[in-house]
Amino acid sequence: MPQNTVENTPVTMLGLGAMGTALARTWLAAGHPLTVWNRTPARAASLAIEGAKVADSAAEAVAANTLIVLCLLDDTSVDEVLADTDLVDRDLVNLTTGNPAQARARAEWARARGARYLDGGIMAVPPMIGAPDTGGYVFYSGSRDLFERHQATLNVPAGATYVGADAGFAALHDVALLSAMYGMFAGAAHAFALIRKEDIDPAALAPLLADWLAAMAPAVHQTAAQLASGDYTEGVVSNLAMQVAGTPTFLSTAEQQGVSPELLSPYFELMRRRLAEGKGEESLTGVIDLLVH
Ligand code: FVH
């Protein structure tokens, strides 16, 4: 096994889309010898000028280095790109977005081909790569040994956060956080819709929304504590009964403003179901139990 340091670990990068190119550029800038390959060769041109070696095939790129990073469109493209490569004794780090089952299957697939495997979930958009102050990072799961061996190199584009030996955990954390993000976007969309036809500047609402969401976000810590203790009434300030009593106000306001309640209604329905189970003194944590089959 070669001695790897952040200064000199050579990296092979497969996939030079928006994200792959951003990742590759940080390794080049940090002085890592870099070999790249992309299905459409033109996308490698700027990296070649910056010092990357451009391989003629994925097989040639995989043969060039031990550490192979993939950032492709989806799991199918990973299959296609690696089909004719020799992965024996390679360290495969797959940053292609996928679901947990795909990650676990890919880990087995890699093991069967003689490779070590780490899966990754990128919590960043391309401009956040190589920009530590922007808060981007990458979840990793799979072989802990592999993570520790390459941690310094993986830290170059964005903070590397290991979340477990189960190869599916990076994808699961990724999807969990992004799901919460979509819930937030859904709430914000409803809020903007409510003021859409009024003489209220969306630019004036935006900072109020951002501050309010930031103020409410720490509530997830109480949710986690309640899930751990099993007592969903612990420390409750605004109980479920009170919150359900308030839902008609939200629905009537939506109606008055000519706004569809379709983003809010499913959540309100779950709150009502939990209340109907006699859990009025709880927080909203009980909704989680209704979601899990
Ligand atoms: N960009 C983003 O904001 C998000 C942030 C979070 C993580 N995602 C995931 O990163 C993966 C790559 O995303 P990307 O932004 O680089 O995507 P594209 O710019 O569309 O590039 C796609 C690359 O995949 C290659 N590719 C697609 N299909 C195939 C195939 N069948 N065989 C070989 N390569 C394939 C494509 O090649 P080309 O079109 O240039 O020839 C690009 O290199 C992704 O999982 C995001 O979910 C990004």
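Residues numbered from 1 in each chain as written. Predicted model: local features only at pLDDT ≥ 70, side-chain atom pairs only at ≥ 80, totals over all residues. Heavy atoms only, no water.

Asker: Please set out the overall build of the protein residue by residue, giving values where relevant.
Answerer: Across its full length, the protein carries 12 helices and eight strands. Summarising its shape, the C-alpha atoms of the protein cover approximately 65 × 45 × 30 Å along the three principal directions. Looking at the protein as a whole, 40% of its 293 residues qualify as buried. Here the analysis covers contacts within the protein between residues at least 6 apart in sequence; of these, 60% occur between residues at least 24 apart. (Helix = DSSP H or I, 4+ residues; strand = E, 2+ residues; numbered from the N terminus. Buried < 20%, exposed > 50% of the residue type's maximum accessible area, 1.4 Å probe, protein only. Contact = heavy atoms within 4.5 Å.)

Asker: Run through the site of the ligand, naming residues and quoting values.
Answerer: Within the structure, the ligand sits among 22 residues, and Asn38, Thr40, Arg43, Glu80 and Thr97 are positioned closest to it. At 3.1 Å from an oxygen atom of the ligand is found a main-chain nitrogen or oxygen belonging to Leu73. Coverage of the ligand by the protein chains reaches 77% of its 900 Å² of free accessible surface. Those elements giving two or more residues to the shell around the ligand turn out to be α1 (18-29) and α4 (75-82). Here the residues of the shell around the ligand are counted per class, giving 11 nonpolar, eight polar and three charged. (Near = heavy atom within 4 Å. Polar contact = N/O pair within 3.5 Å; in protein donor to acceptor, adjacent residues only side chain to side chain. Areas by Shrake-Rupley, 256 points an atom, 1.4 Å probe, with all protein chains shown as cover. Nonpolar A, V, L, I, M, F, W, Y, C, P; charged D, E, K, R; others polar.)

Asker: Can you tell me about the packing of aromatic side chains, naming the residues and giving the values?
Answerer: Taken as a whole and assessed by the stated rule, the structure comprises five aromatic pairs. Between the aromatic rings of Tyr137 and Phe139, the centroid separation amounts to 5.0 Å while the plane-to-plane angle is 90°, which identifies the pairing as edge-to-face. The partly exposed category is assigned to Tyr137, whose relative accessible area is 24%. When its relative accessible area of 6% is taken as the criterion, Phe139 is described as buried. Through a chain of ring-to-ring contacts, three or more aromatic side chains come together here, namely Tyr140, Phe147 and Tyr162. (Phe/Tyr/Trp six-rings, centres within 6.5 Å; stacked < 30°, edge-to-face > 60°.)

Asker: Give a description of the sheet that holds strand β1 (residues 11-14) that names residues and reports values.
Answerer: Paired through backbone hydrogen bonds, the strands of a sheet run either parallel or antiparallel to each other. Reading across the sheet, the eight strands line up as β3-β2-β1-β4-β5-β6-β7-β8 and stay open at both edges, with mixed pairing between neighbours. Each having just a single partner strand, β3 (53-54) and β8 (159-162) make up the two edges of the open sheet. Alignment of strand β7 (residues 137-142) against β8, held across four bridges, turns out to be parallel. Following the sheet pairing, Tyr137 is matched in β8 by Gly159. Where helix α5 (residues 100-112) meets the sheet, it contacts β5 (91-94) and β6 (116-123), and its direction lies at approximately 150° from that of β6. Where helix α6 (residues 144-154) meets the sheet, its contacts fall on β1, β4 (67-70), β5, β6, β7 and β8, and the angle it forms with β6 comes to roughly 50°. (Pairing = 2+ DSSP bridges. Axes fitted to C-alpha atoms, helices over the stretch in contact; angles between N-to-C directions.)

Asker: Describe the side chain of Gln226, and please don't skip the residues or the numbers.
Answerer: By the element assignment, Gln226 lies in helix α9 (residues 219-229). Accessibility expressed as a relative area gives 0% for Gln226, which makes it buried. Looking at Gln226, its side chain comes within polar contact range of the side chain of Thr285, at 2.5 Å.

Asker: So, the packing of helix α7 (residues 169-195) against helix α8 (residues 202-216): which residues are in play, and what are the values?
Answerer: Here α7 crosses α8 at 145°, and the two axes come no closer than 11 Å. When the axes of α7 and α8 are compared, the crossing they make is right-handed. Between α7 and α8, the residues in contact are Met184, Ala188, Ala191, Phe192 and Ile195 and Pro202, Leu205, Ala206, Leu209 and Leu213, respectively. In terms of residue class, the contact of α7 with α8 is made up of 10 nonpolar, no polar and no charged. (Left-handed = near helix turned anticlockwise from the far one by under 90°.)

Asker: Break down unusual backbone geometry for me, with residues and values.
Answerer: Residue Asp89 is not a glycine yet carries a positive backbone phi of 65°. Overall, Asp89 belongs to the partly exposed group, its relative accessible area being 39%.

Asker: Before we move on, can you summarise the domain arrangement of the protein with the specific residues and values?
Answerer: By the assigned domains, the protein splits into domain 1 (5-168) and domain 2 (173-291). Between the C-alpha centres of domain 1 and domain 2 the distance comes to 37 Å. The interface is formed by seven residues belonging to domain 1 together with four residues belonging to domain 2. Counting each side, the surface lost to burial between domain 1 and domain 2 is near 490 Å², with a carbon and sulfur contribution of 73%. It is Met123, Phe139 and Val163 in domain 1 that bury the most area against domain 2; as a group they hold 60% of the surface buried on that side. For the pair domain 1 and domain 2, the interface holds zero residue pairs in polar contact (both at pLDDT 80 or more). (Domains from an automatic or database assignment. Buried area = accessible area lost by both parts, 1.4 Å probe.)

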